[in-house]
Amino acid sequence: MGKRILTGIQPSGILHIGNYFGAMKASIELQNQNPGDTYLFIADLHSLTVNPKPDDLRMRVRRLALDYLACGLDPEKTAFFRQSDIRGVCELTWILNTITGLGLLERAHSYKDKIAKGFVPNNGLFSYPVLMAADILLYKSNAVPVGKDQKQHLEITRDIAIRFNQMYGDVFVIPEPIISESVAVIPGTDGQKMSKSYNNTIELFGEEKAIRKKIMSIPTDSTPLEAPKDPDKCNIFTLFKLFSDEGKIAALAAKYRAGNFGYGHAKQALFEAYMDYFAPMRRRREELEKEPGYIDEVLRKGAEKANAVAAVTMEEVCRAVGLR
Ligand code: TYM
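Just so it is clear, the structure is predicted and the values come from calculations on it, not from any experiment.

A word on the packing of aromatic side chains
Thinking step 1. Taken as a whole and assessed by the stated rule, the structure comprises 20 aromatic pairs.
Thinking step 2. When the centroid spacing of 5.5 Å and the interplanar angle of 70 degrees are considered together, the rings of Phe21 and Phe243 count as edge-to-face. Here the residue Phe21 occupies a position in helix 1 (residues 17-33), and Phe243 occupies one in helix 11 (residues 235-243), the gap between them amounting to 222 residues. Both residues of the pair, Phe21 and Phe243, count as buried.
Thinking step 3. Ring plane angle 80 degrees and centroid distance 5.8 Å describe the contact between Phe243 and Tyr274, whose orientation is recorded as edge-to-face. One end of the pair, Phe243, is in helix 11; the other, Tyr274, is in helix 13 (residues 263-289), with 31 residues separating them in the sequence.
Thinking step 4. Relative accessible area serves as the criterion here: at 10%, Phe243 is assigned to the buried category.
Thinking step 5. Three or more aromatic residues joined by ring pairs make a cluster, and in this case those are Tyr20, Phe21, Phe243, Tyr274, Tyr277 and Phe278.
Thinking step 6. Directly above the ring of Tyr263 sits Lys229, whose terminal nitrogen or CZ lies 5.5 Å from the centroid.
Thinking step 7. Across from the ring centre of Phe205, 5.2 Å away, lies the NZ or CZ of Arg285, which sits over that ring.

See below:
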């Protein structure tokens, strides 16, 4: 038996290429390594921690599902489901809450960052990593592909699982994070981590014109057009590498170094590389949009499969802690 792979993504807004290269791409490719035992869910319960408008949340969940399917997620190989459709995930969160020290959660960077930004936290935001631990442990996942920003959450999951196993016996598998190696943190148009909250994203399925505008407005330094440039110090080049093979990367690097190649040219090359890369996925998305019932069916089947696995774990967990 291969490794069971699981990952989740919040329906927190329009998907960007940081999500794609940070996690989506890897999670879609993993389905081929272990078809039939890969799980991917839409973390709608996590999204509630920031109290989205109900209709927005519903719309984002559907859009996220559509985007994943367009990018090549095969629901026959990967169980694709909504977190909130799984019985047991909230119950397990509660049980894990009772063995999680406050100190462990107080040290979480993502929680501290939100507080530092003036966010008034609710209890759900504080115990966010415990719900995440429940997501992972419920399916006895072996491997969890995530971006680098989620690494600490994975460490918290491992700590919680180890503690549970010490207290109640070996129920949980200790999961391993898989951090995508090529570019662990995808930079945004300003060079910081690409994130919805920094307003520096390049959309995955945006309108062609808007994408072009976004790319053309990437800030650059004032090196004159004629001057040779160091590609490795340029954010445009870093982004270009995501979409290109070795040959194209070397060719663009040579142009940077030769001079007479301006940032405007580099941006044009980036835009073309982006469009080429995503063209097949954009076509597939248009087709899928014409059959909305398909998404419901995929999510329903995915939840059925995930619920079957979750029920077995919950039975073991409840027995172990003395609830049955
Ligand atoms: P979320 O929805 O913020 O992001 C989804 C995935 O995309 C990765 N990511 C990035 N990777 C590299 N560079 C970036 N700029 C970038 N932006 C986003 C994230 O690391 C993540 O892998 N808490 C999770 C969702 C979740 C989850 C889970 C994940 C809930 N339960 C269980 C795995 C297992 C989150 O908010 O991801």
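Quick look at unusual backbone geometry
Thinking step 1. Non-glycine residue Lys140 carries a positive phi angle of around 50 degrees.
Thinking step 2. By secondary structure assignment, the location of Lys140 is in the loop between helix 8 (128-137) and strand 4 (143-146).
Thinking step 3. What makes Lys140 partly exposed here is its relative accessible area of 21%.

So, the pairing of strand 4
Thinking step 1. Neither face of strand 4 is open: one carries Ala143 and Pro145, the other Val144 and Val146, and all of them are buried.
Thinking step 2. Of the strand pairs in this sheet, strand 4 and strand 5 (residues 176-179) are connected by 4 bridges, and their pairing is parallel. Along strand 5, the bridge assignment pairs Ala143 with Glu176.
Thinking step 3. Note on the crossover from strand 4 through helix 9 (residues 151-168) to strand 5: the handedness is right-handed.

Considerations on the site of the ligand
Thinking step 1. Taken together, 26 residues surround the ligand, and among them Gln10, Tyr128, Asp135, Gly147 and Asp149 come closest.
Thinking step 2. A distance of 2.7 Å separates a nitrogen atom of the ligand from a polar atom in the side chain of Asp135.
Thinking step 3. Between the ligand and Met194 there is a distance of 2.9 Å, counted from a nitrogen atom to a backbone nitrogen or oxygen.
Thinking step 4. Taken by itself the ligand offers 710 Å² of open surface, and the protein chains cover 96% of this.
Thinking step 5. Where the shell around the ligand is concerned, the elements lending two or more residues are strand 1 (5-9), helix 1, helix 8 and strand 4.
Thinking step 6. Per-class residue counts for the shell around the ligand are 13 nonpolar, 10 polar and 3 charged.

Quick notes on the rules
Residues numbered from 1 in each chain as written. Predicted model: local features only at pLDDT ≥ 70, side-chain atom pairs only at ≥ 80, totals over all residues. Heavy atoms only, no water. Phe/Tyr/Trp six-rings, centres within 6.5 Å; stacked < 30°, edge-to-face > 60°. Helix = DSSP H or I, 4+ residues; strand = E, 2+ residues; numbered from the N terminus. Buried < 20%, exposed > 50% of the residue type's maximum accessible area, 1.4 Å probe, protein only. Lys NZ or Arg CZ within 6 Å of the ring centre and 35° of its normal. Pairing = 2+ DSSP bridges. Right-handed = clockwise from strand over helix to strand, strands pointing away. Near = heavy atom within 4 Å. Polar contact = N/O pair within 3.5 Å; in protein donor to acceptor, adjacent residues only side chain to side chain. Areas by Shrake-Rupley, 256 points an atom, 1.4 Å probe, with all protein chains shown as cover. Nonpolar A, V, L, I, M, F, W, Y, C, P; charged D, E, K, R; others polar.

Purely geometric stuff here, so don't read any function into it on its own.
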